[in-house]
Amino acid sequence: MGEMKFCRIIFFTVLLLVFPMVHSLEESIFTRGTICNVQERVARGCSREGRQSSFSACFDECRRYINCMGVSIDKNTGKCFIHEMCVSKSMCTTPDTQHTFYSKYCVHGNWNHNTRKCDCLYGTYGSRCDKAFKNCNDLIAAAEYTQGYQFVYVDPRQDGNWYKIRCFLSAKYVNIIAMWNKGDLPVNRTWNEYINGFQNDDDENIWIGLKAWHALSTYANCNFLMVGLVFDNDSQIYRWYHNFVIDNELKNYSFTFRSSLENRRGTLPGDYLAGDCMSAIHNVAFSTWDKDNDGNDDINCASWVGYGWWHPGGCDNPCNFMNWGLENWSSMPSHRRFSMLGVDMAAAASRIKEFTAYLECPG
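It should be emphasised that the depicted structure is a prediction, and the values quoted were computed from it without experimental measurement. (Residues numbered from 1 in each chain as written. Predicted model: local features only at pLDDT ≥ 70, side-chain atom pairs only at ≥ 80, totals over all residues. Heavy atoms only, no water.)

K.L.:
What is the right way to read the overall build of the protein chain from this model?
P.N.:
Of regular secondary structure, the protein chain possesses eight helices and 20 strands. When each of the 363 residues of the protein chain is scored for burial, the buried share is 49%. Once local pairs closer than 6 in sequence are excluded, the contacts in the protein chain between residues at least 24 apart make up 57%. Carbon and sulfur atoms form 50% of the exposed surface of the protein chain, whose accessible area is close to 17,700 Å². (Helix = DSSP H or I, 4+ residues; strand = E, 2+ residues; numbered from the N terminus. Buried < 20%, exposed > 50% of the residue type's maximum accessible area, 1.4 Å probe, protein only. Contact = heavy atoms within 4.5 Å. Areas by Shrake-Rupley, 256 points an atom, 1.4 Å probe, with all protein chains shown as cover.)

Dropping the structure here:
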């Protein structure tokens, strides 16, 4: 009797030791990945609960089932789900955080049963959707682009923090639109709005957001900034700022750069120069009406001029990217009638088509 009891103890002890090993072994066949809208997939018949109760059996079921693309564990219930290859492509961009997903084929995507390839989600590419775009240049490396403007999700730090940005791709240029203002973009925004970015519904007026600026300039080699004006005859004046960086939130997204260079395209409608508009904001923190970082105790510059920017303490900002086209420049008070790139806005506003700021990521 004692020997039988002892054998039972040994049996269950071995079982407890072996089960995690089996579980780990089964999981090692798979790769941690991303799944979206599990309940929606269940409703469509693309996912179901595993037939077996144990995790290891659930993984084994997927491994043996040719149409299984992966397994997920519901964090709330502990139930295991089998996810099958669906013909329709999922267009979701937000992972289902309730499920821990293990992919059999596609790390960040869904298996397409028709093409026998992975349909990658948001900013990922590769045969297993296991590579993430750091910046717009990766679109070319992945051969997943068309010339012109397009939105893409990027992960500059490769740490799972995604940003939706707009890229411009041509045979000669690959740029990220950091700011695009055609004159009808409301700009008297909050600190959080300037951090996270905003745009008009038509996608023609964009502020990329300080978080994205910081991540791209710091971690994705996007250290070339071009600011400029486009006139109604499509001529342009612009200035490049080399080795520029937007710092993190602890430093209030301060702006720094090393050098600048003037350039122009086309026949300008006036004798304009691409003046050094950004030097005055070197090492200056960003300010908004609800977060005053300008160092001036007497006045909030962002409230005074009506837009968030890297406002120097004296509020003498030689740049006006944001607040134009909303009022008659000739009737503006002097503190709001700033020139941008050497242009007298009172005289030129009617000829200006748009303000732009592009990022370039060489290498």
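K.L.:
Would you mind showing me how to read the pattern of salt bridges here?
P.N.:
Think of it this way: side chains of opposite charge can pair up when their charged atoms draw near. Under the definition given, this model contains five salt bridges. Residues Arg48 and Glu84 are paired through a salt bridge, measuring 3.4 Å at the closest nitrogen-oxygen approach. With Arg48 in strand S2 (residues 47-49) and Glu84 in strand S4 (residues 80-84), this pair connects stretches of sequence that are 36 residues apart. There is no split in this pair, since Arg48 and Glu84 are both buried. (Salt bridge = Lys/Arg side-chain N within 4 Å of Asp/Glu carboxyl O.)

K.L.:
Looking at this structure, how should I read the nonpolar core?
P.N.:
Most often, soluble globular proteins have nonpolar side chains that are buried together. With 52 residues, the main nonpolar core has Ile165, Ile176, Trp207, Leu216, Leu225, Phe255 and Trp310 as its most contacted residues. Taken together, the elements giving at least two residues each to this core come down to strand S10 (148-154), strand S11 (163-169), strand S12 (174-181), helix H5 (191-196), helix H6 (210-219), strand S15 (224-231), strand S16 (236-242) and strand S20 (352-360). In contact with Leu216, other than residues within four places in its own chain, are Lys134, Asn135, Val154, Pro156, Ile165, Ile176, Ile208, Asn221, Cys222 and Leu359. Core analysis: the second largest hydrophobic core is formed by 10 residues, Phe30, Ile73, Cys80 and Ile82 among them. (Core = buried A, V, L, I, M, F, W, Y, C linked by side-chain atoms within 4.5 Å.)

K.L.:
How should H6 be read in this particular structure?
P.N.:
Side chains three or four residues apart in an α-helix point the same way, a direct result of the helix having 3.6 residues per turn. Counting buried positions along H6 yields seven of 10 residues, so the element is predominantly enclosed. Among the residues of H6, Leu210, Ala212, Trp213, His214, Ala215, Leu216 and Ser217 are the ones counted as buried. Asn221 lies just past H6 and shows a positive phi near 65°.

K.L.:
What is the right way to read the state of the cysteines from this model?
P.N.:
Covalently bonding the sulfur atom of one cysteine to the sulfur atom of another cysteine gives a disulfide. Overall, the coordinates contain five disulfides when judged by the stated rule. Between Cys136 and Cys167 runs a disulfide, and the two sulfur atoms are separated by 1.9 Å. Across the disulfide from Cys136 to Cys167, rotation about the S-S bond amounts to roughly -80°, and the bridge is consequently left-handed. Of this pair, Cys136 sits in the loop between strand S9 (131-132) and helix H4 (137-141) while Cys167 sits in strand S11, placing them 31 residues apart in sequence. A single burial state applies to Cys136 and to Cys167, both of which are buried. The partner cysteine of Cys222 in its disulfide is Cys361, sulfur to sulfur 2.0 Å. When the S-S torsion is 90°, as for the bridge of Cys222 with Cys361, the disulfide is right-handed. Of the two residues, Cys222 sits in the loop between H6 and S15 while Cys361 sits in the segment after S20, which places them 139 residues apart along the sequence. (Disulfide = S-S within 2.5 Å.)

K.L.:
Sorry if this is basic, but what is going on with the confidence of the model for the protein chain here?
P.N.:
Keep in mind that low pLDDT regions are not for reading the predicted coordinates in detail. Of the residues in the protein chain, 72% reach a pLDDT of 70 or more, and the chain-wide mean stands at 76. At the level of individual helices and strands, the protein chain shows its lowest average pLDDT in helix H1 (residues 2-28), which scores 42, and its highest in H5, which scores 96. Scored below 50 in pLDDT, residues 324-330 makes 27 contacts in the model with residues more than four places away or belonging to other chains. Considering only residues more than four positions removed or in separate chains, one finds that residues 332-342, a stretch of pLDDT under 50, has 46 contacts. (pLDDT = per-residue confidence, 0-100.)

K.L.:
Honestly, the environment of Gly228 in this entry has me stumped. Any pointers?
P.N.:
Inspection of the secondary structure assignment puts Gly228 in strand S15. On the basis of relative accessibility, which here comes to 2%, the residue Gly228 falls in the buried class.

K.L.:
What is the right way to read the packing of aromatic side chains from this model?
P.N.:
Where two aromatic rings form a pair, the distance of their centres and the angle of their planes describe that pair. Under the defined criterion, the tally for this structure stands at 24 aromatic pairs. On the basis of an interplanar angle of 85° and a centroid distance of 5.1 Å, the ring pair of Tyr194 and Phe198 is categorised as edge-to-face. Each member of the pair, Tyr194 together with Phe198, is buried. Where Phe198 meets Trp207, the ring centres are 6.5 Å apart and the plane angle is 20°; that geometry is what we call stacked. Classification of Trp207 by relative accessible area gives buried; the value is 1%. One Lys or Arg, Lys164, reaches over the ring of Phe151 and ends 4.8 Å from the middle of that ring. (Phe/Tyr/Trp six-rings, centres within 6.5 Å; stacked < 30°, edge-to-face > 60°. Lys NZ or Arg CZ within 6 Å of the ring centre and 35° of its normal.)

K.L.:
Before we go on, may I ask you to explain the sheet that holds S2 in this structure?
P.N.:
The strands that make up a sheet are held in pairs by hydrogen bonds between backbone atoms, and each pair lies either parallel or antiparallel. Strand order across the open sheet formed by five strands is S1-S5-S3-S4-S2, with antiparallel pairing between neighbours. The two strands at the open ends of the sheet, each matched to only one other strand, are strand S1 (31-32) and S2. Relative to S4, S2 is paired through three bridges, and the arrangement is antiparallel. Directly across from Arg48, in S4, lies its bridge partner Ile82. (Pairing = 2+ DSSP bridges.)

K.L.:
What exactly am I supposed to notice about the side chain of His83 here?
P.N.:
Structurally, His83 can be placed in strand S4. For His83, a relative accessible area of 0% puts it in the buried group. In this structure, His83 is in contact with Ile35, Val38, Arg41, Cys46, Ser47, Asn67, Cys68, Met69, Gly70, Val71, Ser72 and Phe101, ignoring residues within four places of it in sequence.

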